Protein chains: 2
Amino acid sequence: MQQPNRDKTGRRGRPVRRPAVVPVETRSHILDHAEALFALHGLHGVTVREVARAAAVDPALVHYYFETKAGLFDAVFQRRAAILNEERLREMDGYARAAGDRITVEGCVQAFLEPIWRHSYPNDPHWNNYFRMIALVNNTPEWGGEMMTRHFDPVIQRLIELLRTCMPRARDADLYWCYHFLSGALTLSLSRTGRIDRLSGGVCASDDMEAILRRMVPFIAAGFRQVCQPAD
Amino acid sequence: MQQPNRDKTGRRGRPVRRPAVVPVETRSHILDHAEALFALHGLHGVTVREVARAAAVDPALVHYYFETKAGLFDAVFQRRAAILNEERLREMDGYARAAGDRITVEGCVQAFLEPIWRHSYPNDPHWNNYFRMIALVNNTPEWGGEMMTRHFDPVIQRLIELLRTCMPRARDADLYWCYHFLSGALTLSLSRTGRIDRLSGGVCASDDMEAILRRMVPFIAAGFRQVCQPAD
DNA sequence: GTCTATAAGATGATAGAC
DNA sequence: GTCTATCATCTTATAGAC
């Protein structure tokens, strides 16, 4: 599998001591490949060796950087969560400021989703892998709830807050349950399993993120209003 | 699957051949415990030995009945799908017949969900495990789409058909995408991860299926109408 | 930081006795 | 149908050389 003592230059004497070409990126290089594999197979469906092989790196290095497989998984999850959270908060704050009194449920949902779509559409493979991971985690009974809470709660709370200003008479339970429906619809979309392609006989495509967003915003907004703002 | 040589009467002549006390149930006994484990950890998170130990059965027996781990997973998935599909078809047909011209989007969605809720609420641990498995499969990129299609498509097509009679001018793509949102919201609910409990500070409970249904039906119905029946 | 080597044990699956 | 025994392979993780 490995050729122990290769020396491309073939020049004799000292082993030259070049710490490879770009050692700076090793860590994120491992993260990228781990992300791609975890997205497809989940935590238990991936071995440290597979990650190492995909990243063309020694298995021991993975442990050097992340200690355990769970540590690796967590690091992968953490990396883009930080970025995404910041973008979403800024997007929602920006929208709220710009909209002022004209704030709408549609606008809030759109601002909440916008940063995701910016990364996923048309096609950033890294982010798309990450989003698949989120979908898997979100539906994992054992530790999924805890993990989602730990990484995303502040952003969700901000969304709820914003939605409350649109629907001042809404009850908390209704707002949270409706967010839960949004969360399910969103993460299933992000997992792009190809199910809808088969079901629809090709009329819909899992990868058509634009088609999804165009319908998700009005769908979710109408649902929120129906439940949180009953006609009474 | 088959019990070749059973002889309940024990009448003489032949060596009686009573294979233990209750051999009839071994297969479904294994299925039950596999179901509980797969629901929590997914296909890759469970070993054949763990299933065998949980079922208090020899590991080789699992292979005897199901050949491979994937075969076991599939058998678990199959078992209740057959039951559920039949119940859902009957529920939807019954509703459509009873409603006649007064058919509504709410009614269709309710009929579609009703059989699930009958099993999950208040508490049938077996069915609840099964529903968690569905949620996991539904969000599994690799083979999840294929598996959902294989087991559930006819029922979904029937739902779409019914919804089309409520919204005759709806376009297919809109109907399918809206079903996709429904599917995501539903399966996330079925996975009961505890996320919403944490997020809401205890205002909502993952296990409160009645609270979910009460909101899901109007939420989803309003979404469908908004997207599939634009005011134009 | 990166690699070799290896510990220490678990894995899916099967052959064959009963 | 059920069990014992076992194969061949893979697993996470670490110690220590370089």
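The rules behind each value
Residues numbered from 1 in each chain as written. Chains lettered and ligands numbered in written order. Predicted model: local features only at pLDDT ≥ 70, side-chain atom pairs only at ≥ 80, totals over all residues. Heavy atoms only, no water. Near = heavy atom within 4 Å. Polar contact = N/O pair within 3.5 Å; in protein donor to acceptor, adjacent residues only side chain to side chain. Helix = DSSP H or I, 4+ residues; strand = E, 2+ residues; numbered from the N terminus. Buried < 20%, exposed > 50% of the residue type's maximum accessible area, 1.4 Å probe, protein only. Contact = heavy atoms within 4.5 Å. Salt bridge = Lys/Arg side-chain N within 4 Å of Asp/Glu carboxyl O.

J.: Describe the protein's contact with DNA strand C, and please don't skip the residues or the numbers.
T.: Lining the immediate environment of DNA strand C, one finds 16 residues, of which Asp58(A), Tyr65(A), Thr47(B), Arg49(B) and Lys69(B) sit closest. Backbone atoms, meaning sugar and phosphate, form 58% of the atoms of DNA strand C found within 4 Å of the protein. Note that a phosphate oxygen of DNA strand C is positioned 2.8 Å from one of the side-chain N or O atoms of Tyr65(A). At 3.0 Å, a backbone N or O of Lys69(B) approaches a phosphate oxygen of DNA strand C. Those elements that place two or more of their residues in the surface near DNA strand C are helix 3 (59–66) of chain A together with helix 2 (48–54) and helix 3 (59–66) of chain B.

J.: Would you mind going over unusual backbone geometry in detail, with residue names and values included?
T.: Of note in this structure, Arg192(A) is not a glycine but carries a positive phi near 40 degrees. Considering the arrangement of structural elements, one finds Arg192(A) in the loop between helix 8 (172–191) and helix 9 (195–199). Within the chain, Glu67(B) stands out as a residue other than glycine whose phi angle is a positive 65 degrees. Structurally, Glu67(B) can be placed in the loop between helix 3 and helix 4 (69–99). Since its relative accessible area comes to 64%, Glu67(B) is described here as exposed.

J.: I'd like a rundown of the side chain of Thr140(A), residues and numbers included.
T.: With respect to the helices and strands, the residue Thr140(A) is situated in the loop between helix 6 (125–138) and helix 7 (144–166). Residue classification places Thr140(A) among the buried positions, given a relative accessible area of 10%. Separated by 2.7 Å, the side chain of Thr140(A) and the backbone oxygen of Leu136(A) make a polar contact. When neighbours within four sequence positions are excluded, Thr140(A) is seen to be in contact with Gly145(A), Leu136(B) and Thr193(B).

J.: Kindly report on the pattern of salt bridges, identifying the contributing residues and their values.
T.: Considering all chains together, one arrives at 34 salt bridges over all chains under this definition. Here Asp93(A) and Arg158(A) are joined by a salt bridge, their closest N and O atoms 2.8 Å apart. One end of the pair, Asp93(A), is in helix 4 (residues 69–99); the other, Arg158(A), is in helix 7, with 65 residues separating them in the sequence. Note that Asp32(B) and Arg79(B) form a salt bridge whose closest N and O atoms lie 3.0 Å from each other. Of the two residues, Asp32(B) is situated in helix 1 (residues 26–41) and Arg79(B) in helix 4; the sequence distance between them amounts to 47 residues. You can call Asp32(B) buried: its relative accessible area is 19%. Among the ionic contacts, a cluster of salt bridges with common partners joins Asp32(A), Glu35(A), Arg79(A) and Arg80(A).

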